[in-house]
Protein chains: 4
Amino acid sequence: MASSFGNHLKITIFGQSHSQAIGVTVEGLPVGEHVDTEVLQAFLARRAPGGNLATSRKEPDVPEILCGLHNGVTCGTPLTAIIRNTNTRSADYAAMADFPRPGHADYPAEVKFGGWQDKAGGGHFSGRLTAPLCIAGGIAAQILARRGVEIGAHIAEIGGVRDDRFDAVSIAPDTFSALVEKAFPTLSDSAGKEMQARILAAKTEGNSVGGVIECAAVGLPAGLGDPMFDGMENRIAGLVFGIPAVKGLEFGSGFDAARMSGAEHNDPYISTPEGIRTVSNHHGGILGGITSGMPLIFRAAIKPTPSIAMEQDTVSLSRLEAAKLRVVGRHDPCIVPRAVPCMEAALAVAILDAWCEADI
Amino acid sequence: MASSFGNHLKITIFGQSHSQAIGVTVEGLPVGEHVDTEVLQAFLARRAPGGNLATSRKEPDVPEILCGLHNGVTCGTPLTAIIRNTNTRSADYAAMADFPRPGHADYPAEVKFGGWQDKAGGGHFSGRLTAPLCIAGGIAAQILARRGVEIGAHIAEIGGVRDDRFDAVSIAPDTFSALVEKAFPTLSDSAGKEMQARILAAKTEGNSVGGVIECAAVGLPAGLGDPMFDGMENRIAGLVFGIPAVKGLEFGSGFDAARMSGAEHNDPYISTPEGIRTVSNHHGGILGGITSGMPLIFRAAIKPTPSIAMEQDTVSLSRLEAAKLRVVGRHDPCIVPRAVPCMEAALAVAILDAWCEADI
Amino acid sequence: MASSFGNHLKITIFGQSHSQAIGVTVEGLPVGEHVDTEVLQAFLARRAPGGNLATSRKEPDVPEILCGLHNGVTCGTPLTAIIRNTNTRSADYAAMADFPRPGHADYPAEVKFGGWQDKAGGGHFSGRLTAPLCIAGGIAAQILARRGVEIGAHIAEIGGVRDDRFDAVSIAPDTFSALVEKAFPTLSDSAGKEMQARILAAKTEGNSVGGVIECAAVGLPAGLGDPMFDGMENRIAGLVFGIPAVKGLEFGSGFDAARMSGAEHNDPYISTPEGIRTVSNHHGGILGGITSGMPLIFRAAIKPTPSIAMEQDTVSLSRLEAAKLRVVGRHDPCIVPRAVPCMEAALAVAILDAWCEADI
Amino acid sequence: MASSFGNHLKITIFGQSHSQAIGVTVEGLPVGEHVDTEVLQAFLARRAPGGNLATSRKEPDVPEILCGLHNGVTCGTPLTAIIRNTNTRSADYAAMADFPRPGHADYPAEVKFGGWQDKAGGGHFSGRLTAPLCIAGGIAAQILARRGVEIGAHIAEIGGVRDDRFDAVSIAPDTFSALVEKAFPTLSDSAGKEMQARILAAKTEGNSVGGVIECAAVGLPAGLGDPMFDGMENRIAGLVFGIPAVKGLEFGSGFDAARMSGAEHNDPYISTPEGIRTVSNHHGGILGGITSGMPLIFRAAIKPTPSIAMEQDTVSLSRLEAAKLRVVGRHDPCIVPRAVPCMEAALAVAILDAWCEADI
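Each chain carries its own residue numbering, running from 1 in the written order of its sequence. Lettering for chains starts from A, numbering for ligands starts from 1, and both go in the order in which the items are written. It should be noted that, the model being predicted, local features are given only for residues of pLDDT at least 70 and side-chain atom pairs only at 80 or more, the latter also being counted only at that level, while totals for whole chains, interfaces and linings use all residues. By convention in this description, side-chain values take in all heavy atoms of the structure and omit both hydrogens and water.

Looking at the overall build of chain A
- Looking only at helices and strands, chain A has nine helices and 18 strands in total.
- The C-alpha atoms of chain A give a radius of gyration of 21 Å, which matches the 21 Å a tight globule of 360 residues would have.
- Referenced to the eigenvectors of the C-alpha coordinate spread, the extents of chain A come out at roughly 70 × 50 × 35 Å.
- Per-residue burial over chain A gives 66% buried out of 360 residues.
- Accessible area for chain A stands at about 11,200 Å²; split by element, carbon and sulfur atoms hold 53% of it.
- Separation of charge centres in chain A, based on 30 positive and 39 negative side chains, amounts to 7 Å. Labels follow the DSSP assignment, with helices taken as runs of H or I lasting at least four residues and strands as runs of E lasting at least two, numbered in each case from the N terminus. Values of the radius of gyration come from C-alpha atoms, whereas the globule rule sets the reference at 2.2 Å times the count of residues to the power 0.38. For each residue, the accessible area found with a 1.4 Å probe, counting protein chains only, is set against the maximum for its type, and the residue is called buried under 20%, exposed over 50%, and partly exposed in between. Per-residue and other accessible areas were derived by the Shrake-Rupley procedure at a 1.4 Å probe size, with only the shown protein chains allowed to occlude residues. Only four residue types enter the charge count, namely Lys and Arg as positive and Asp and Glu as negative; His and the chain termini do not. Just so you know, the charge point we use is NZ for Lys, CZ for Arg, CG for Asp and CD for Glu.

So, in structure tokens, the structure goes:
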């Protein structure tokens, strides 16, 4: 099922960019959990477009919870929330139907769905479908917070400009809350300014840039996740690669670990008043697919927005001949900032799913 | 289910490093497919230990197919194959039970399984469990080859030494077969020699090194895979992160894509006699989770073998105090070479699963 | 996942009797299939309350399809349809919260959900949740009809009065269409009249009656379904037992088969111009979990509506002492007639799921 | 996946009647549970052939546990057990390949698997595959017994002769143990004698008879199971219909409930020192798919053994013309007695799966 994920906590995302509505059904939520809709709304607002760095589309993204709650509390039934689609301009896309956009799913989808798919706005492939993921993740995050787990993320890199990294061993308590306050969530404000400059430069020339997001969870107990195919890495990857434009994912030291020796990479154990910990955290809080109790850290690589105003080479699917394409419509020169809460949402869903299975 | 993977083609891996046997059950194989046991044996031999670069353990790894075939041909029932465990020296591990090995799953597993897990040889977390994966993948690869799909992989990096990369646009037909012939599969023999020197150096000092493997599939039709959570990236990640020591995964340009502009990264389409192709292949053969018909390419980062002879700091789980640990037993100073066929196996299983679902 | 069903065609039902809305998401529908909303509406109307035999509640049951279609045709994305809940009188239930209704899920749900569940109207246990099942089944039936498969059902028994049975070997082509035309779908009109009399008698005394529904599918190819746990019986049972009040299910001769000898029960094969058939059809069109090409026939036993006006004995959950209960609210004295399309819907979903997996 | 079942506790059955071996993998077993192999062996012995009422085949059915245990205790990894196939006489079946046996899966399987299936001994459809189910169920039953849940079953009917029924409200503690002691498990010995006479009579004339098995579980807590598609009925049905020859299944009053009024069928609640109970138990211990704490009771209808010595009419698949068939080989004139432990096994697996999910 392409649009479902999870074992105990199961999410099913539905909708096309220009259908009547998009939404998500979440099965297996713990019962008796209050869902704070204002907090959820604030979480969703972080991925909504806006500002001069983003598209000029208006997406209120106000979810309507159709069921799953009783007096605002989870009652043991599936929770379904929808967001109505408005302000869509399908006409922008009709003209391009015969010319697959480079970097988009247009061509593979054309082959797979035999021309039946809904191309408007990217259909089911639209970044808009991350809004339902954020609804599920935003609710999961509220439930995890009551269990002492906090999740946060920052823009680690854009257009080659790098931000500082999280302190893998001991992330300061207020780090996440400080990031949420920022319009452009980086640890280093100077790095953030430079990144924004790169984005505006790309926008000016009708181009786009990609980047990297670093996401972490603290307060996790040891013992979450399973060996082999249900390890925390597998679960997180299963969700993160479902976010459009993600082309890479690494945990802890990730690809750098490939350049280290065992003596450098192995994290020695120490016994502390808070319990057993590791001195360093190259493992990113996961060993054998199971949480170690140290901060869980991953980074996701996001490719540059494929929708650019510059003219591109493509083909006519009907005439099988070369063609020029200029993607009209309103697009983000960089979707990295809006993808930040999506990563947090993916991590929250993955953790709560493993948590419910582990019966902690 | 920690040990199961797949939608239509489903594999379930069982066994501990020192149990009576390890094995795999594969459900959903296409019927009427001959399984060449000699070719399968040769495939498994590539991950078997041996040579001065690897452990001195003897693992014949001769699978016994218990069912699923009729006269050597798949007959529509689950195929189960097992490998008997022999030459195990559990005593090596008994002494370490109270001292979690840095970089291993010992501690998280202790917490998760409350001390009931089988620690000998790493139990269910052992790299030995990749043998059953190779059985499933080796069979899947035989079936895919009949459909024109070839899979191959090479060591892209070890200890900081880098090999050349696959030609992402047009991998030469004999590239894969040439790699299989090599005892140390790199595209550049000189790079290979240098990597082997790094491994021996690490072995000499009781240390270990990690690396990167690049894996690819050619001959794929466009249209395999699904949007969102069943995309080819999600499927491949679900299997690859089940291979011990993998800490990172990237597709196409991967993390480099985060440093490119849309104009650089977008792969223009062209119409060729063989069909629609892209001029470049930064997307790694996958767009929107669906194959584009271009070579599918991914790279996996493998951490250095955590089992090293050098003395390490750990704690006594019973006395909760600092302790020194020296990991005895026979271990690979670098498991990257043996992980090469595992990556091919993971890719073969992921592709055949998507293929069966797509009814091509 | 309590609310999900299916392998390739997957349905997820959501909603409570008195939540904002109820609905269903259907994943895996074949692409390029037109969904006739008028035909769907007519199908849903068959389970809607009305008439002097049913509750006086008004349930327009007009589904709104939120996504999954493009210009009215399935486009490869999940299809989600919802029905708004209106005309609910939760107050009827508030008073009964402390007194579990005999024959209802009140008490087990209270234990399971720790008092958090939404009791109004039966919450997630309400027969109202069969409306989304009928949406999914109604759509599946339209798709199957284009493949030559017709599905129908009739009231086989109510309050001890029995209708004739389908001709298991060759159901007349117009049998199903004739049943759909009837306000009270029985093969024998006289039996139907008697059943209705029993229902009205029960209603008059504030009591209720149960019954049996016989459901069949014709035009099925041989070869659908799988051995063991994905057999057609397993799939159908998985859905039918999800319909409230079903307490029994039998295929072909069912329980009567237990009283027959092998010589009587075995259905001899014959070769006909239409292909291989069986002379009799005690097997109900399924052998080894796989369709034989003969009509697929099952019967489901439905218990009498537990909500009756007569006073009943129960307990006070808070005071743990005996109590008297009189169930107020508007209830069907017999839900069998409204369950007829639900059985057809369950069968349609089970068949299309197996069909999609079999790649016929 | 035709051969897999379960959510948290997952079983995968593999093997053909005449393959090297048959077996089962059980994932998700609680850790720290001792598996008593002697008790397991005794449980399996109950389904093994023997006696003058059964086939003369010799099936030692001695399972070898390959993995999943550490020092005889579940250790958190999948448990796989196999039984070697011996004493098979495939030649008996080769001759019949072209002539589908009435009442068997031969023809549907031929169509589904295009002639590739392993016909010997019924292949994957053989009753022999219930041995692995009994291994999984026997282990589950041991774990449930430690939680106060006892499971038992008896032959309720054979060839039209009926046994007494379990006391649905309070099954005497020693009822199950007494049944296990009997070579022919009926509550009434006189009924048992008559049934055996019917079986021998059928055997004498080369015919066969079917019957009904009643199975129950006591000591269950209220609250197990889920609404809709994961209700206890759905779970049990999903397993029971995987047992060859089962054509019907009913819970509590089952089909009789269809003839009762609501006032008769509703089970009034009472408060007892042991907790809330119902005065009667027409609901069979399940309401809304969830256990009520009362004995869980179901009955399964088993068709007469299709393999009979009498000559039968069939067709030649190759020549598409009428043919006569006489099924040679050794067959049970009635498989009901041997199916008794299979029903207990199915119930044990279904309950433990729900139990693990409910985190009781």
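Having seen the model, we can carry on.
Section: unusual backbone geometry
- Although it is not a glycine, Ala245 of chain A sits at a positive phi angle of roughly 85 degrees.
- With respect to the element layout, Ala245 of chain A can be found in the loop between helix 7 (232–240) and strand 11 (246–251).

Considerations on the interface of chain C and chain D
- Residue contacts follow a heavy-atom distance rule, with two residues in contact if any of their heavy atoms lie within 4.5 Å. Contacts between chain C and chain D engage 95 residues on the former and 94 residues on the latter.
- Considering only the side of chain C, the residues that lose the most area to chain D are Phe229, Lys247 and Tyr269 of chain C, jointly responsible for 12% of the buried surface there.
- Salt bridges are defined by distance alone: a side-chain nitrogen of Lys or Arg within 4 Å of a carboxyl oxygen of Asp or Glu. On inspection of chain C and its partner chain D, the count reaches six salt bridges.
- Between Asp226 of chain D and Lys112 of chain C there is a salt bridge, with its nearest N and O atoms 3.6 Å apart.
- Within 3.5 Å is the distance limit for a polar contact, defined as a pair of N or O atoms, with the added protein rule that one can donate a hydrogen and the other accept it, and that residues adjacent in sequence qualify only through two side-chain atoms. Where chain C touches chain D, the interface holds 34 residue pairs in polar contact (both at pLDDT 80 or more).
- Three classes are used: nonpolar for Ala, Val, Leu, Ile, Met, Phe, Trp, Tyr, Cys and Pro, charged for Asp, Glu, Lys and Arg, and polar for all others, with Gly counted as polar. In terms of residue class, the side of chain C that touches chain D is made up of 50 nonpolar, 31 polar and 14 charged.
- If DSSP finds at least two bridges between two strands, the strands pair. As paired strands, strand 11 (residues 246–251) of chain C and strand 11 (residues 246–251) of chain D are joined by three bridges and run antiparallel to one another. Across the sheet, the residue bridging to Gly248 of chain C is Glu250 of chain D, located in strand 11 of chain D. What counts as buried area is the accessible surface, traced by a 1.4 Å probe, that two parts surrender upon association, with contributions from both included.

What about the sheet that holds strand 2 (residues 10–14) of chain D?
Residue and element names in this part refer to chain D.
- Strand order across the open sheet formed by five strands is 1-2-3-7-4, with antiparallel pairing between neighbours. Both outer strands of the open sheet, strand 1 (4–5) and strand 4 (64–67), are each paired with one neighbouring strand and no more.
- By the bridge criterion, two bridges tie strand 1 to strand 2 in an arrangement that is antiparallel. Its bridge partner lying in strand 2, Phe5 is registered against Ile11.

Considerations on the relation of the copies chain A and chain C
- Here the copies are matched by least squares. The fit uses the C-alpha atoms of residues with pLDDT of at least 70 in both. Of the transformation superimposing chain A on chain C, the axial component is 0.0 Å and the angular component is 180 degrees, with the fit at an RMSD of 0.0 Å. Here the symmetry operator amounts to a two-fold rotation axis.

Some words on the environment of Ser307 of chain D
Residue and element names in this part refer to chain D.
- Relative to the assigned elements, Ser307 resides in the loop between strand 16 (296–302) and strand 17 (312–316).
- The buried category is assigned to Ser307, whose relative accessible area is 8%.
- On a C-alpha basis, the gap between Ser307 and Arg101 in space is 7.6 Å, while along the polypeptide they are 206 residues apart.
- In contact with Ser307, not counting residues within four places along its chain, are Arg101, His104, Val327 and His331.
- At 2.7 Å, the side chain of Ser307 and the side chain of His104 are in polar contact.

Topic: the pattern of salt bridges
- Under the definition given, this model contains 100 salt bridges over all chains.
- Notably, a salt bridge pairs Asp353 of chain A with Arg235 of chain A, separated by 3.0 Å at the nearest N-O pair. Here the residue Asp353 of chain A occupies a position in helix 9 (residues 336–358), and Arg235 of chain A occupies one in helix 7, the gap between them amounting to 118 residues. Accessibility classification places Asp353 of chain A together with Arg235 of chain A in one group, the buried group.
- Across the pair Arg101 of chain B and Asp106 of chain B runs a salt bridge whose closest N-O atoms are separated by 2.7 Å.
- A network of salt bridges, in which partner residues are shared, links Lys112 of chain A together with Asp226, Arg235, Asp353 and Glu357 of chain B.

Examining the interface of chain A and chain C
- Counting residues at the interface gives 41 residues for chain A and 41 residues for chain C.
- Across the interface of chain A and chain C, roughly 3,000 Å² is buried in total on both sides, 63% from carbon and sulfur atoms.
- Linking chain A to chain C there are two salt bridges.
- Its salt-bridge partner being Arg84 of chain C, residue Glu64 of chain A comes within 2.7 Å of it at the nearest N-O pair.
- Inspection of the chain A/chain C interface yields 18 residue pairs in polar contact (both at pLDDT 80 or more).
- Within the side of chain A that touches chain C, the residues separate by chemical class into 17 nonpolar, 19 polar and five charged.

What to know about the side chain of Thr186 of chain D
Residues and elements named next belong to chain D.
- Relative to the assigned elements, Thr186 resides in the loop between helix 5 (175–181) and helix 6 (189–204).
- One polar contact links the side chain of Thr186 to the main-chain carbonyl oxygen of Ser188, over a distance of 3.0 Å.
- Ignoring anything within four residues of it in the chain, the contact list for Thr186 reads His154, Ile155, Asp163, Leu179, Gly192 and Met195.

A look at the relation of the copies chain C and chain D
- By a simple turn and slide, chain C fits onto chain D: the slide is 0.0 Å along the axis, the RMSD is 0.0 Å, and the turn is 180 degrees.
- The overlap is high: 99% of the interface residues of chain C also sit at the interface in chain D, so the same surface is used on both sides.

Description of helix 1 (residues 37–45) of chain B
Residue and element names in this part refer to chain B.
- Inspection of helix 1 places Leu40, Phe43 and Leu44 among the buried residues, and these make up the whole buried set. For helix 1, the angular spread of the buried residues around the axis is 95 degrees, confining them to a single face.
- Those residues of helix 1 that are buried are in contact with helix 4 (130–145) and helix 9 (336–358).
- A side-chain oxygen of the first residue of helix 1 lies 2.9 Å from the backbone nitrogen of Glu38; this N-cap is Asp36. Think of the arc as the fan of directions from the helix axis to the C-beta atoms.

Quick notes on the confidence of the model for chain A
- Per-residue confidence for chain A gives a mean pLDDT of 93, with 94% of residues at or over 70.
- Predicted as a complex, the structure gets a pTM of 0.96 and an ipTM equal to 0.96. Values of pLDDT, the confidence the predictor places in each residue, fall between 0 and 100.

Concerning the packing of helix 7 (residues 232–240) of chain D against helix 9 (residues 336–358) of chain D
Residue and element names in this part refer to chain D.
- In the contact formed by helix 7 and helix 9, the axes pass within 9 Å of each other and the chain directions differ by 140 degrees. Taken as axis vectors, helix 7 and helix 9 run oblique relative to one another. Here helix 7 and helix 9 pass one another in a crossing that is right-handed. The residues of helix 9 that touch helix 7, namely those facing Met232, Arg235, Ile236, Leu239 and Val240, are Met343, Ala346, Leu347, Val349, Ala350, Ile351, Asp353, Ala354 and Glu357.
- Here the contact of helix 7 with helix 9 is built from residues that sort into eleven nonpolar, no polar and three charged. The axes are straight lines fitted to the C-alpha atoms, using for helices just the contacting stretch, and the angles between their N-to-C directions are given from 0 to 180°. In this scheme, roughly parallel covers angles under 35 degrees and roughly antiparallel covers those over 145, while 65 to 115 is roughly perpendicular and the rest are oblique. Left-handed describes a crossing whose near helix is turned anticlockwise from the far helix by less than a right angle; the clockwise case is right-handed.

What to know about the packing of helix 4 of chain B against helix 9 of chain B
Residues and elements named next belong to chain B.
- With their axes 7 Å apart at the nearest point, helix 4 and helix 9 run at an angle of 55 degrees to one another. Here helix 9 runs oblique to helix 4, going by the angle between their axes. Judged by the sense of rotation from one axis to the other, the crossing of helix 4 with helix 9 is left-handed. Together, Thr130, Leu133, Cys134, Ala136, Gly137, Ala140, Ala141, Ile143 and Leu144 of helix 4 and Pro341, Cys342, Ala345, Ala348, Val349, Ile351, Leu352 and Trp355 of helix 9 make up the contact between the two elements.
- Split into classes, the residues belonging to the contact of helix 4 with helix 9 amount to 15 nonpolar, two polar and no charged.

Some points on the pairing of strand 12 (residues 269–272) of chain C
Residues and elements named next belong to chain C.
- Strand direction decides the pairing type here: strand 12 and strand 13 (residues 275–278), joined by four bridges, are antiparallel. By the bridge assignment, Ile270 is partnered in strand 13 with Arg277.
- Taken together, strand 12 and the strand that follows it, strand 13, pair antiparallel across an intervening segment of two residues.

Examining the pairing of strand 17 (residues 312–316) of chain C
Residues and elements named next belong to chain C.
- Along strand 17, four of the five residues are buried, which leaves the element largely enclosed by surrounding structure.
- Relative to strand 18 (residues 321–325), strand 17 runs antiparallel, the two sharing five bridges. Bridge pairing in strand 18 places Asp313 opposite Lys324.
- Between strand 17 and strand 18, which pair antiparallel one after the other, the connecting turn spans four residues, and Leu320 there sits at a positive phi close to 50 degrees.

Some thoughts on the packing of aromatic side chains
- Geometry of aromatic contacts follows a simple scheme: Phe, Tyr and Trp rings, the Trp one being its six-membered ring, pair when their centres are within 6.5 Å, and the pair is stacked under 30 degrees between planes, edge-to-face over 60, tilted otherwise. The full count for this structure, using the stated rule, is 22 aromatic pairs over all chains.
- Measuring from centroid to centroid gives 5.3 Å for Phe241 of chain A and Phe251 of chain B, while their planes differ by 85 degrees, and the two rings are edge-to-face. Of the two residues, Phe241 of chain A is situated in the loop between helix 7 and strand 11 and Phe251 of chain B in strand 11 (residues 246–251); the pairing between them involves two chains.
- A residue is classified by how much of its surface remains accessible, and Phe241 of chain A, at 5% relative accessible area, is buried.

Description of the side chain of Arg338 of chain D
- Position of Arg338 of chain D among the secondary structure elements: in helix 9.
- For Arg338 of chain D, the side chain forms a polar contact with the side chain of Asp332 of chain D, separated by 2.8 Å.

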